[in-house]
Amino acid sequence: MSASRHPALCATDPELASFVAAEEVLQAQTLRLIPSENYVSAAVLEASGTVLQNKYSEGYPGRRYYEGQQNIDRVEALAVERAKGLFGVDHANVQPYSGSPANLAVYLAFAKPGDTVMGMALPMGGHLTHGWGVSATGSWFRGVQYGVQAGTGLIDYDAVRDLALAERPKLIFCGGTALPRTIDFAAFASIAEEAGSILVADVAHIAGLIAGGAHPSPAGHVDVISTTTHKTLRGPRGAMLMCREEHAKAIDKAVFPGLQGGPHNQTTAGIAVALHEAAQPSFTAYAHAVVANAKALAAALLERGFDLVSGGTDNHLILIDLTGKDVPGKVAAKALDRAGIVVNYNTVPFDPRKPFDPSGVRIGTPSLTSRGLGVAHMPQVADWISRAVDAAAKGDEPALAAVRAEVADLMAAFPAPGLPLS
Ligand code: DSN
């Protein structure tokens, strides 16, 4: 971090400033493939670090419990209008602190403790907050879980319907954290209607693809859309809940005063900027490039003998099953990290191993696409992954160091948004 970029921080707390500087270097030099991460723009970074931080504003625009809201109200109303326009929804709440509180607010709005709720099982690609046992949502509510088919890795919508009709859950969640394929929101909507359930689309991973027209939208199919703002949508760390007008009051009441206190106004400002950016034609091109890159990377990995859950991808995410490579996911992820390629180890459907030491590695293309890498680079990326996994199997540290140097060379030619050029 240069003193010219953050002079006050460098002068006041050089120790902390040095950690941030090191993170800037790490993010600049490595190939970041975690599918839920991205690079925000300089404008989003600036908006997220403003004096809006200094203000308490419990309530909603025009209905606050504190005075002095002239500017805060305008910021939040702008974010809300932009969210409604971008996603084509009646109502948007931009206050949830992140994805888990957003989902918890949905429970508060529509269910009572002990009610049955349904979501995809975490090891199958769902999310903790979709009723999984170790989460509050799985202990305060009765979670029933669907998965994917063993052979195809795809959701079996007939099985989802059978479970929904047998259990009649209050809430059904669709969406997740390790789903490489398109979600059929219309199919979920017809199931939820038959079962008499409220349908929630958790689109945290694919919100940017939806905004850019690279994945079908759940708007018009589902009761509530829940999303974080910092993944493919490329905003600050935060979340939004969007819904039909009939649910607006229940959602707002659940977020505040039900669950949260004052909104993080500096984050709301960053969300507003990200939504503005996502409404530009360049973002549509970005969203389609993310998917094109992921498809090209999946094809290149298949050519190199990797086994991919569901055989490929329709979106930004690829789930590599390393069972056949004899390298556990965690060993591979840590070796890739030493090679300058940042991924996360992940369960694969029907994983015989434990979540803290699973068989898979989850990768995605949002970050590298934000840096301008294209389909022509994907064979090189697949080659690095292949070399690093082979090196992990052999314990070949010099091979990992060689990949790391090559990665840093390419990354130097593709500066990351929001980071200093150096
Ligand atoms: N932790 C997020 C992810 O990485 O997918 C989901 O909440």
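See the structure shown above.
Residues numbered from 1 in each chain as written. Predicted model: local features only at pLDDT ≥ 70, side-chain atom pairs only at ≥ 80, totals over all residues. Heavy atoms only, no water.

### So, the packing of aromatic side chains
And step 1. Under the counting rule described, the total for this entry stands at nine aromatic pairs.
And step 2. Between Y60 and F256 the ring centres are 6.5 Å apart and the planes differ by 70°, which places this aromatic pair in the edge-to-face class. Here Y60, found in strand 2 (residues 59-60), pairs with F256, found in helix 10 (residues 248-259); they are 196 residues apart in sequence, far enough to count as distant. Assigned by exposure class, Y60 and F256 land together as buried.
And step 3. Note on Y345 and F356: the rings are 6.2 Å apart at their centroids and 80° apart in plane angle, and the pair reads as edge-to-face. A residue pair is termed long-range when its members are at least 10 positions apart, and Y345 in strand 14 (residues 344-346) and F356 in the loop between strand 14 and strand 15 (360-364) qualify at eleven residues.
And step 4. Linked through ring pairs, Y60, Y65 and F256 together constitute an aromatic cluster. (Phe/Tyr/Trp six-rings, centres within 6.5 Å; stacked < 30°, edge-to-face > 60°. Helix = DSSP H or I, 4+ residues; strand = E, 2+ residues; numbered from the N terminus. Buried < 20%, exposed > 50% of the residue type's maximum accessible area, 1.4 Å probe, protein only.)

### A look at the sheet that holds strand 8 (residues 198-202)
Think of a sheet as strands paired side by side through backbone hydrogen bonds, with each pair either parallel or antiparallel.
And step 1. Taking strand neighbours across the sheet as the criterion, the seven strands line up as 4-10-9-8-7-5-6 in an open arrangement whose pairing is mixed. Looking at the sheet topology across the chains shown, the edges are occupied by strand 4 (91-93) and strand 6 (142-146). When the angles between neighbouring strand axes are averaged without regard to direction, this sheet yields 20°.
And step 2. The pairing of strand 5 (residues 116-120) with strand 6 spans five bridges and is parallel. (Pairing = 2+ DSSP bridges. Axes fitted to C-alpha atoms, helices over the stretch in contact; angles between N-to-C directions.)

### Digging into the pairing of strand 10 (residues 239-243)
On any regular strand, side chains alternate: one points to one face of the sheet, the next to the other face.
And step 1. Of all five residues that make up strand 10, five are buried, and the element is covered over most of its length.
And step 2. Burial along strand 10 is two-sided: the residues A239, L241 and C243 and M240 and M242 are all buried.
And step 3. Strand direction decides the pairing type here: strand 4 and strand 10, joined by three bridges, are antiparallel. Bridge pairing links A92 to M242 in strand 10.
And step 4. One ladder, built from five bridges, connects strand 9 (residues 224-228) with strand 10; its direction is antiparallel. Its bridge partner being in strand 10, S226 is matched across the sheet by L241.

### Here we look at the layout of surface pockets
And step 1. There is about 710 Å³ of room inside the largest pocket.
And step 2. Put simply, the parts of the chain that give the lining of the largest pocket at least two residues each are helix 2 (14-29) and helix 3 (42-47).
And step 3. For the lining of the largest pocket, the per-class residue count stands at eleven nonpolar, eight polar and seven charged.
And step 4. In this structure, the second largest pocket occupies an estimated 430 Å³ of space. (1 Å grid on protein atoms, 1.4 Å probe; cavity = no way out; pocket = protein on both sides within 12 Å on 5 of 7 lines; lining within 4 Å. Points joined across faces, edges and corners; volume = space filled by probe spheres on them. Nonpolar A, V, L, I, M, F, W, Y, C, P; charged D, E, K, R; others polar.)

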